[in-house]
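Structural overview for review
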Amino acid sequence: MLITTRQLESLVRLAQARAKVQLRSVVTADDAKDVIDLMKRSLYQMCTDVETGQIDANRGPCGAGRSKDGRALVHWMRDEIARNDLDPSAPFSHRELVAQLQRWAYSEAKAEKTVAHLNAMGDILTTTGGYKLRATSSVATPAKKRRTDPGV
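Residues numbered from 1 in each chain as written. Predicted model: local features only at pLDDT ≥ 70, side-chain atom pairs only at ≥ 80, totals over all residues. Heavy atoms only, no water.

Our focus in this paragraph is the overall build of the protein. The helix and strand inventory of the protein stands at five helices and two strands. Looking at the protein as a whole, 31% of its 152 residues qualify as buried. Of all intrachain contacts in the protein linking residues separated by at least 6 positions in sequence, the fraction that spans at least 24 positions is 54%. (Helix = DSSP H or I, 4+ residues; strand = E, 2+ residues; numbered from the N terminus. Buried < 20%, exposed > 50% of the residue type's maximum accessible area, 1.4 Å probe, protein only. Contact = heavy atoms within 4.5 Å.)

Structure representation (structure tokens):
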């Protein structure tokens, strides 16, 4: 697997940080080997399909491996926030997300797996009262309405 320039730069910074933690000003070969091992394990974990445990060549650092089900649910959440002028930090209930997937003819088990997978991949985050989308901006918008569970 090829790595990007950004990943290579990250490896350099990690090796430098590891040396600094060891109170050294020079990066050693061991520092480099350890951060390369860390990157390999991270990429392996990222490229492993949670449902099957198999390596999925379509998965990768750019998020290409997110399932079609997951993409659809994330888009639906974004659309709900935009369409109803809602506060993006307000949570969607677990019940609400599973019910939306079931409206798209997903079994309850597949809907549960999809929500769990999105949470494991960091696309949706567990919060008090349910799940919210991963923040794309640190700027809050206090004028937005709060979500209310529609009693799905």
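Still more ground to cover, so stick around.
To continue, consider helix H1 (residues 5-21). Look at H1: 24 Å from first C-alpha to last across 17 residues, which is about the 24 Å you get at 1.5 Å a residue. Looking at the buried positions of H1, the neighbouring elements they touch are helix H2 (29-46). (Expected span 1.5 Å × (residues − 1).)

What follows is about the confidence of the model for the protein. Per-chain confidence: the protein averages 80 in pLDDT, with 76% of residues scoring 70 or above. Across residues 137-143 the pLDDT falls below 50, and counting only partners more than four positions away or on other chains, this stretch makes one contact in the model. (pLDDT = per-residue confidence, 0-100.)

Below, the discussion takes up the pattern of salt bridges. In the structure shown here, the tally under the stated rule is six salt bridges. Note that Asp 37 is salt-bridged to Arg 41, the shortest N-O span being 3.2 Å. In this pair, Asp 37 and Arg 41 are both assigned in helix H2, four residues apart and thus about one turn of the helix distant. Accessibility expressed as a relative area gives 38% for Asp 37, which makes it partly exposed. (Salt bridge = Lys/Arg side-chain N within 4 Å of Asp/Glu carboxyl O.)

Two packed helices can be described by the angle between their axes and the distance between those axes. Here helix H4 (residues 94-103) crosses helix H5 (residues 108-121) at 125°, and the two axes come no closer than 9 Å. Regarding the angle of H4 to H5, the classification is oblique. For H4 against H5, the interelement crossing comes out right-handed. Where H4 abuts H5, its residues His 94, Leu 97, Val 98, Leu 101 and Gln 102 lie against Glu 108, Ala 111, Glu 112, Thr 114 and Val 115. (Axes fitted to C-alpha atoms, helices over the stretch in contact; angles between N-to-C directions. Parallel < 35°, antiparallel > 145°, perpendicular 65-115°, else oblique. Left-handed = near helix turned anticlockwise from the far one by under 90°.)

Here we come to the pairing of strand S1 (residues 124-127). The side chains of a regular strand alternate between both faces of the sheet. Summarising the sheet, S1 and strand S2 (residues 130-133) pair through four bridges and their orientation is antiparallel. Along S2, the bridge assignment pairs Leu 125 with Lys 132. (Pairing = 2+ DSSP bridges.)

What follows concerns the nonpolar core. With 17 residues, the main nonpolar core has Leu 73, Met 77, Leu 97, Val 115 and Ile 124 as its most contacted residues. Elements with a minimum of two residues in this core: helix H3 (68-83), H4, H5 and S2. Sorting elements by how many residues they give to this core places H3 first, with five residues. Look past the residues within four positions of Ile 124 in its chain and what remains in contact with it is Met 77, Leu 97, Val 115, Leu 118, Asn 119, Tyr 131, Lys 132, Leu 133 and Arg 134. Residues Leu 11, Ala 15, Met 39 and Leu 43 belong to the second largest nonpolar core, which totals five residues. (Core = buried A, V, L, I, M, F, W, Y, C linked by side-chain atoms within 4.5 Å.)

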